[in-house]
Number of protein chains: 2
Amino acid sequence: MRAEILSCGTELLLGHITDTNATYLAQNLSVLGIDLYHVSQVGDNLERIVESLRQGWERSQLIIMTGGLGPTEDDLSREAISTLLGETMTLVPELEANLRARFARQGATMPERNLKQATLIPSAQALPNPEGSAPGWFVEKDGRIIVAMPGVPREMYVMWEQQVIPRLQKYIQGIIFTRILRVYGLGESSVEERLQSLLSSTNPTIATYVKNDGINVRITAKATTKDAAAQQVAEMEQRARALLGTYIFGVEDDTLASVTGKALQARGQTLSVMESLTGGLLASAITDFQSSSKHFIGGIVSYSTELKIQMGVPRETVERYGVISAETAVAMARAVREQLKTDFGIGITGVAGPDRQEDKPVGTVHIAVCGPEGVVTVLGPGWRGRRADNKRHAVLAALNLLRYYLEGTVKPE
Amino acid sequence: MRAEILSCGTELLLGHITDTNATYLAQNLSVLGIDLYHVSQVGDNLERIVESLRQGWERSQLIIMTGGLGPTEDDLSREAISTLLGETMTLVPELEANLRARFARQGATMPERNLKQATLIPSAQALPNPEGSAPGWFVEKDGRIIVAMPGVPREMYVMWEQQVIPRLQKYIQGIIFTRILRVYGLGESSVEERLQSLLSSTNPTIATYVKNDGINVRITAKATTKDAAAQQVAEMEQRARALLGTYIFGVEDDTLASVTGKALQARGQTLSVMESLTGGLLASAITDFQSSSKHFIGGIVSYSTELKIQMGVPRETVERYGVISAETAVAMARAVREQLKTDFGIGITGVAGPDRQEDKPVGTVHIAVCGPEGVVTVLGPGWRGRRADNKRHAVLAALNLLRYYLEGTVKPE
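Residues numbered from 1 in each chain as written. Chains lettered and ligands numbered in written order. Predicted model: local features only at pLDDT ≥ 70, side-chain atom pairs only at ≥ 80, totals over all residues.

Some details on the packing of helix α2 (residues 20-32) of chain B against helix α6 (residues 153-168) of chain B
Residues and elements named next belong to chain B.
(1) Moving on: Close contact between α2 and α6 brings their axes to 10 Å; oriented N to C, the two are set at 20°. On the basis of the axis angle, α2 is roughly parallel to α6. The handedness of the crossing between α2 and α6 comes out as right-handed. Two secondary-structure elements touch here, α2 through T20, N21, Y24 and N28 and α6 through P153, M156, Y157 and W160.
(2) Moving on: Considering only residue class, the contact of α2 with α6 consists of five nonpolar, three polar and no charged. (Axes fitted to C-alpha atoms, helices over the stretch in contact; angles between N-to-C directions. Helix = DSSP H or I, 4+ residues; strand = E, 2+ residues; numbered from the N terminus. Parallel < 35°, antiparallel > 145°, perpendicular 65-115°, else oblique. Left-handed = near helix turned anticlockwise from the far one by under 90°. Contact = placed C-beta atoms within 7 Å. Nonpolar A, V, L, I, M, F, W, Y, C, P; charged D, E, K, R; others polar.)

Here it is, written out as structure tokens:
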């Protein structure tokens, strides 16, 4: 099956946003074994969208559109598909009721212009959108498929996974089974170096890609039954695990926060944090894990030195070693563990940028984890980059240090 | 002048990389006043690259290619341009000497396959590449221009700025000026409803799009001088401001955190927060603003009820009204303001999900801002969605309440 992607939105052509939807879909199509030969971006112009669709219709069996499903006059994907196919959009009472109910739940009245989000053409099925107001369209006609999804990435991801992939399954020969291994602590090229002997395998395939919080290793097998595909994937996973060892922290949707959270909950232990460099992002990452209230008691964002001292960090430690020091990170971890009466405490201090602090360069970060068996520390890498990236990297390093402590990979002193 | 971008590389179609080059070039073209109607990505396949170039040749005056200038068999941009124009690539002695000298400087011998990087066709000029081995091509023929640049972003940026823009200058008519207004508190369709009378304007244009933290309203004008374009934009901005009022919180890259941070710093006032629902994300958002250490003293992530009480929330308030209540939010704001000795304190409590709490539905959120003139509160909307979205929405609502307090839009009690 030959596919193409058509992303709609003038904001793409003005460079106000980057088409990361196309990247996500390209990765997915590759895993599904669907050939992708063309990706294009077009502005909110009916004529040009129709022209692009017509071209896609001639050369591909599957056209995946994102964007242009909003309620405004600039949102033209439905109109373009209708024009291409010569079909008329009509209001669907059930979709209208859903839409009005959605607004009502938010205590709002639906603007009349949103009504076009409740329309369909005869060749289209509606794709539910649990994350937003715009349903997608799944159009089948003359041996061709057009899928139209919202441009908002989180809405698109859910619709693609829950609604589109199942509908495409019958066009894909064989069953695809995929397993994701999650890796932290190695760059993508180092992961590939370690996996070198496996990368040339064609079934299962093994491939790496970068995520915000580590590297994903994706193992995909195609077979006639799900069990056979799963078995092939399991064998490859074992070989990959032998090569990557403790750098693998989880599978599928695991995060460093969920993995450490589950481990603490299994032991019946609790956690607290005191952070300055990361400014609350460590606590926020920990609480992104759904059941975090079972093990996470709380955090102190000690942005000022006085607050650190108020919360139990000895003034002497700060004065002697500086705020940006391993000693202060340890004192923060100890202090919050004692003040909040938890089994584990994490302390993070460092320079988030843009300016140096205590003559230490931007990106310097000291992390300490204090637990029942003692303390472990790590000096973050001297990365550079934007402030938000520095914060994110420090949070990951801290959670990984906690993971190593819990797994026994590092020994506390 | 009408332009299009053609990015070459199979890695784009596999989703291994995202086409950020297109974003960069799109932004640049917009500033230069060059219309960009099409962006496409195509794999390393001669036939498909030529087909895409031919289409571009028919509908645009300027085709900007990136990628495909490397030394391997997969690098086909030069070959595709030559095929399209029916011209023959010949080795240019001067380019060959440069290339060999470059390898020699690095103590290496040039592989023979790199020789194709020293070729030109009669219609092409070479564009020097100080960052890499592949010169670009600037092709002028029959009133059309094709620019071919390397895909490596840092090589492309330098070549574009130093070599391509000066060569394009003679073709550019008029200057583009753009202004972004940032809006919080209205959905995109409500923003458009208010701006209805302005949306049909063609110069300046006004358009809306959704960002993670609000709606952007983009005003763009084209004129013969920058001053004239800026003047047109300023007039349109004034009309938009009259229609959107205090929903506009800033311009360009402003965030609710930067706007409130700057306002507090201008007054010489300080801020602290106590948050449970948002789990540290409020503090993290505040500290994403670069100079936040000037006004932000710190935060308490009081995930457990006991920690709230330990930090100064009266046990009686929690027991009488529940943790999920406006009264507790006010008590949190008051407590942190007093404990951390700041001018303003923010309290957030609510149900982040996935389960109900105190029989209150997921998404319930109570926010309080306590300052020198008293307290203001807001009840967040009963949104649904993923945990991370609930947290993000609550953070934005809290920062916006602080903004309204500082601007005098809401009156404290």
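Having seen the model, we can carry on.
Side note on the sheet that holds strand β10 (residues 205-211) of chain A
All names here are of chain A.
(1) Moving on: Ordered in space as β10-β11-β9-β12, the four strands form an open sheet in which the pairing is antiparallel. The open sheet has two edge strands with one neighbour each: β10 and β12 (248-251). Between one strand and the next, the sheet's axes are offset by a mean angle of 30°, whatever the strand orientation.
(2) Moving on: Bridge count for strand β9 (residues 175-183) against strand β11 (residues 214-223) is nine bridges, and the pairing is antiparallel. (Pairing = 2+ DSSP bridges.)

Overview of the interface of chain A and chain B
Interface size is commonly expressed as the accessible area that is lost once the parts come together.
(1) Moving on: Between chain A and chain B, the contact holds 62 residues from the first and 59 residues from the second.
(2) Moving on: When residues of the side of chain A that touches chain B are traced back to their parent elements, those giving at least two are α1 (10-13), α2 (20-32), β2 (35-42), α11 (281-288), β14 (296-301) and α15 (387-407) of chain A.
(3) Moving on: Per-element accounting of the side of chain A that touches chain B gives the leading share, seven residues, to β2(A).
(4) Moving on: Its residues placed into classes, the side of chain A that touches chain B shows 25 nonpolar, 27 polar and 10 charged.
(5) Moving on: Across five bridges, β2(A) lies against strand β2 (residues 35-42) of chain B in antiparallel orientation.

Description of the confidence of the model for chain A
(1) Moving on: Per-residue pLDDT for chain A has a mean of 93; in total, 99% of the residues score no lower than 70.
(2) Moving on: If you check the scores for this complex, the pTM reads 0.77 and the ipTM reads 0.76. (pLDDT = per-residue confidence, 0-100.)

Focus on the packing of helix α3 (residues 46-59) of chain B against helix α4 (residues 77-85) of chain B
All names here are of chain B.
(1) Moving on: Relative to each other, α3 and α4 sit at 55°, their axes nearing to 9 Å. Put simply, α3 runs oblique to α4. Here the hand of the crossing between α3 and α4 comes out right-handed. Between α3, through L46, I49, V50, L53, R54 and W57, and α4, the contact on the second element is made entirely by S77, E79, A80, I81, T83 and L84.
(2) Moving on: Of the residues assigned to the contact of α3 with α4, the class counts are eight nonpolar, two polar and two charged.

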